[in-house]
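An overview of the molecular structure
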2 protein chains.
Amino acid sequence: MENKEELLKHFEELKAKNIKIDATRGKPARDQLDLSLDMLDVLNSKSSFFYDNLDARNYGCLDGLGIAKEFVADILDVKPENVFVCGNSALNIMYDLISKSFSFGVCGSKRWCDQHVKWLCVVPGYDRHFAITERFGFELVNVPMLDGGPDMDLVEKLIKDPEVKGIWCVPKFSNPDGTCYSDEVVRRFARLKPASEDFRVYWDNAYIVHDFDFDNPVKLLNIFDEAKACGTEDMFYEFISFSKISFAGDGIAAVAASKNNIEDIKKSFFYQTIGYDKINQLRHVLYFKNKQGVIDQMRKHADIIRPKFEYLHNYFTKEISDVCSWVKPKGGYFICLKVNKCAKEVIAKCAECGVKLTAAGCSSPYHNDIDNEFIRIAPSTMNMCDLETFADVVCTAIKILSL
Amino acid sequence: MENKEELLKHFEELKAKNIKIDATRGKPARDQLDLSLDMLDVLNSKSSFFYDNLDARNYGCLDGLGIAKEFVADILDVKPENVFVCGNSALNIMYDLISKSFSFGVCGSKRWCDQHVKWLCVVPGYDRHFAITERFGFELVNVPMLDGGPDMDLVEKLIKDPEVKGIWCVPKFSNPDGTCYSDEVVRRFARLKPASEDFRVYWDNAYIVHDFDFDNPVKLLNIFDEAKACGTEDMFYEFISFSKISFAGDGIAAVAASKNNIEDIKKSFFYQTIGYDKINQLRHVLYFKNKQGVIDQMRKHADIIRPKFEYLHNYFTKEISDVCSWVKPKGGYFICLKVNKCAKEVIAKCAECGVKLTAAGCSSPYHNDIDNEFIRIAPSTMNMCDLETFADVVCTAIKILSL
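Here is a short report on the structure shown in this document.

1. With respect to the overall build of chain A
Scanning chain A from N- to C-terminus turns up 13 helices and 14 strands. Scaling as 2.2 N^0.38, a compact globule of 403 residues should have a C-alpha radius of gyration of about 22 Å, and chain A matches this with 22 Å. On the principal axes, the C-alpha backbone points of chain A span a range of 70 × 55 × 35 Å. Buried residues in chain A amount to 64% of all 403 residues. Carbon and sulfur atoms make up 48% of the accessible area of chain A, which totals about 15200 Å². Each charge class in chain A can be summarised by its mean position, and for the 51 positive and 59 negative side chains these summaries are 3 Å apart.

Put into structure tokens, the structure is as follows:
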């Protein structure tokens, strides 16, 4: 079925099927959300809410319940005093930190709103990251993703510019291409010597426990261990979210950082809120208990999500490996197909057929996919039946446009 | 016991009692928090989470669940489309709105970070309000609180200055003096014609249903009804929080605003988060059901909190009405004693005796209580036994320092 006529005929047949598939966002599937339902039973009207000499139902405790800090610290392998536990959204903490840097500076530095700020964006990357820094009017600078992480030669060169104030990173199962940063890349991050003292690495460890195969998990070096050895701990904010562990948008989120940064954060967030939802923090801690509890849950997530990625990987390997490339998915929520200058056209063609993909350019700053090459695939919410149709549509469209 | 010697002797006796009372913050008492415990049973592992064609456990719905908007609209007597339901903290929404105005402007106006901004502060007022606008470097301008609301002659004069961009208001049971804005004051707010088009009234209706006597509730005019008649709806943001209805810091919060403002808010908050905790929104709606459900709960709160305020009011009337004044409390969380140029000294004296009051100056911008006259009393967490001791200490200190 490799000649154009047959492909076009097959595509018309697909169109006639009245397909409606939305693969735009990396959302957990319903059966994944069901996994954490028991969490809603751990606190009820008979429960105790007193922890750390504090009533979780009352005001106070800006940086989160002590047991919540211990819990997050266990997962991130840092100390509880280096953790600030927040509300339901890690993206919101990132936004807040950038907003505060913009308005007030970082740890006493000059506020960014009076400066021309440049921000490094690993491409392909996460659209919601890029949107934040675009919103603040920063100049977004592309850094290509290579095997095992960003182009570190380029990063090391760019940070010599004092206008460069930060970089977005998703170090494990990067959104959207699934790359995991190699030991060497993590170490090169730890050794960075930026010209600007208020340069910060936004280390969004969104998929820290989102492996597909826990018998052979991907091991990411602990950025703070490496940074400690280089005296660069103040350069990193590490983020974690429970949106893809418990409930999407109803979980808890946290930032880990050096002593200096945590002090700065506490001082700065004081103005913003009296505290985050401690009952939900408590609910998470009591349900998961510790890192092992989270891993046990993530195994179940993996059992649901892995087959979808395996299916797509195998399908793509069979059908389109000669005309595009991708990283074999070992975890996370996305596959990123790299096609030959026809991403926009493929996405439009799939839309003709009722298959919605994330908008063309979404994985690049300013939605400008310079080589028109990235297609972000978010298969998590599809069932196996939809997945088959989806793969067929995407591969047929890619083949047609690659001819 | 009205001569100095006896007063001093009595004060020494009180000191010997080793009192430890913290009356610094307006927190709900434990038995108030117990009132909402059943809310933690309305959602459990067997519940349905599907509302408005949406799974409350998944991403989406930036402005809140439809049923949450209807619920809040019912309480505020506005339309659901004029409501944006958020997370656990109304203070955080206020901070966010000011932060966004600072960084990006309001509805297309010039960003405030490049301008000298003045902000009107009704005095006495809420320290956490003042702290936000102080943090952003605005020039805080005092407006005295009179009977029935702020000095509107002064407000009307000050807003002719285009540098004046906003005003903090707690229109019902104002923090800390308990004043409720009269119909005339609300109408004068609605009629304001500020020089600056991006001037906003932060109408923090924190105590909207926090009456002590629901058979004779205090009626505040609906600001949006009045504003509509004057074509000034865009001038108001109204805030509501459940922190003193369900759980403090674990409730939900919302902002009500005009169509233009809601559009601006949605556009602007898009960058900040994918959405707020919808499970907690759902929990609140299912538990309280509607405005009447909230009122029923607030009657129970009133039964707990009213006796404390009545006790203090009667005690103060008997003991110190000749040397200080206050508004007879009909709701809310505070009494504000107005003493004769000795507030700081009274607060220090009480501290000597183990009674912690909110820091002197807290109710004024820059903590500068010009006439050294305001003492904020937060009796809610005390039991009746502590309350008696507390009243004795405060009154003795005031009498000594008024001699």
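2. Let's talk about the sheet that holds strand β6 (residues 139-146) of chain B
Residue and element names in this part refer to chain B. Sheet architecture is open: eight strands sit in the order β4-β11-β10-β9-β8-β5-β6-β7, paired in mixed fashion. Only two strands of the sheet have a single partner each, and these edge strands are β4 (83-85) and β7 (149-150). In the sheet, strand β5 (residues 118-123) pairs with strand β8 (residues 164-169) via four bridges, with the strands oriented parallel. Of the residues in β8, the one forming a bridge with leucine 120 is isoleucine 167.

3. Observations concerning the sheet that holds strand β8 (residues 164-169) of chain A
Residue and element names in this part refer to chain A. The sheet built from eight strands is open, its strands ordered β4-β11-β10-β9-β8-β5-β6-β7 with mixed pairing. Taken across any chain shown, the strands that pair with only one partner, and hence form the sheet edges, are β4 (83-85) and β7 (149-150). Relative to strand β11 (residues 253-257), strand β10 (residues 236-241) runs antiparallel, the two sharing five bridges. Note on β11: the bridge partner recorded for glutamate 238 is alanine 256. Here helix α5 (residues 127-135) sits on the sheet in contact with β5 (118-123), β6 (139-146), β8 and β9 (200-204), set at roughly 160 degrees to β8.

4. Describing the pattern of salt bridges
Residue and element names in this part refer to chain B. Tallied over the entire structure, the rule returns 51 salt bridges over all chains. Among the ionic pairs, aspartate 127 bridges to arginine 25, the shortest N-O distance being 2.9 Å. Residue aspartate 127 is found in helix α5 (residues 127-135), and its partner arginine 25 is found in the loop between β1 (21-23) and α2 (30-34); the two are separated by 102 residues along the sequence. Among the residues examined, arginine 25 registers a relative accessible area of 29% and is labelled partly exposed.

5. Some points on the relation of the copies chain B and chain A
For the pair chain B and chain A, the relating rotation is 180 degrees, the translation along its axis is 0.0 Å, and the fit reaches an RMSD of 0.0 Å. The transformation relating the two chain copies, once decomposed into turn and shift, fits a two-fold axis.

6. Overview of helix α3 (residues 66-76) of chain A
For α3 of chain A, a buried count of eight out of 11 residues is recorded, marking the element as mostly surrounded by other parts of the structure. Three or more residues of α3 of chain A are buried, namely Ile67, Ala68, Lys69, Phe71, Val72, Ala73, Ile75 and Leu76 of chain A.

7. As for the side chain of serine 241 of chain B
Residue and element names in this part refer to chain B. Structurally, serine 241 can be placed in strand β10 (residues 236-241). Judged by relative accessible area, serine 241 falls into the buried class, the value being 14%. Separated by 3.0 Å, the side chain of serine 241 and the backbone nitrogen of serine 243 make a polar contact. Among all residues touching serine 241, those that are not within four sequence positions of it are Ala90, Ile252 and Ala253.

8. Examining the environment of aspartate 34 of chain A
As for its position among the elements, aspartate 34 of chain A is in helix α2 (residues 30-34). Once the C-alpha coordinates of aspartate 34 of chain A and phenylalanine 247 of chain A are considered, the two residues, 213 residues apart in sequence, prove to be 9.0 Å apart.

9. So, the interface of chain B and chain A
Across the boundary between the two partners, chain B contributes 58 residues, which contact 58 residues of chain A. Of the roughly 5300 Å² buried between chain B and chain A on both sides combined, carbon and sulfur atoms contribute 51%. The largest per-residue losses of area from chain B upon contact with chain A belong to Arg57, Tyr59 and Arg135 of chain B, which jointly make up 15% of the total buried on that side. Along the contact surface separating chain B from chain A lie two salt bridges. A salt bridge links aspartate 34 of chain B to arginine 57 of chain A; its shortest N-O distance comes to 2.7 Å. Connecting chain B to chain A are 33 residue pairs in polar contact (both at pLDDT 80 or more). Breaking the side of chain B that touches chain A down by element, the ones donating at least two residues are α2, α4 (90-104), α5 and α10 (278-288) of chain B. No other element matches α4 of chain B, which puts nine residues into the side of chain B that touches chain A. Split by residue class, the side of chain B that touches chain A holds 25 nonpolar, 16 polar and 17 charged.

What counts and how
- Residues numbered from 1 in each chain as written.
- Chains lettered and ligands numbered in written order.
- Predicted model: local features only at pLDDT ≥ 70, side-chain atom pairs only at ≥ 80, totals over all residues.
- Heavy atoms only, no water.
- Helix = DSSP H or I, 4+ residues; strand = E, 2+ residues; numbered from the N terminus.
- Rg over C-alpha atoms; globule rule 2.2 N^0.38 Å.
- Buried < 20%, exposed > 50% of the residue type's maximum accessible area, 1.4 Å probe, protein only.
- Areas by Shrake-Rupley, 256 points an atom, 1.4 Å probe, with all protein chains shown as cover.
- Lys, Arg positive; Asp, Glu negative; His and termini not counted.
- Charge placed at Lys NZ, Arg CZ, Asp CG, Glu CD.
- Pairing = 2+ DSSP bridges.
- Contact = heavy atoms within 4.5 Å.
- Axes fitted to C-alpha atoms, helices over the stretch in contact; angles between N-to-C directions.
- Salt bridge = Lys/Arg side-chain N within 4 Å of Asp/Glu carboxyl O.
- Least-squares fit on C-alpha atoms with pLDDT ≥ 70 in both.
- Polar contact = N/O pair within 3.5 Å; in protein donor to acceptor, adjacent residues only side chain to side chain.
- Buried area = accessible area lost by both parts, 1.4 Å probe.
- Nonpolar A, V, L, I, M, F, W, Y, C, P; charged D, E, K, R; others polar.

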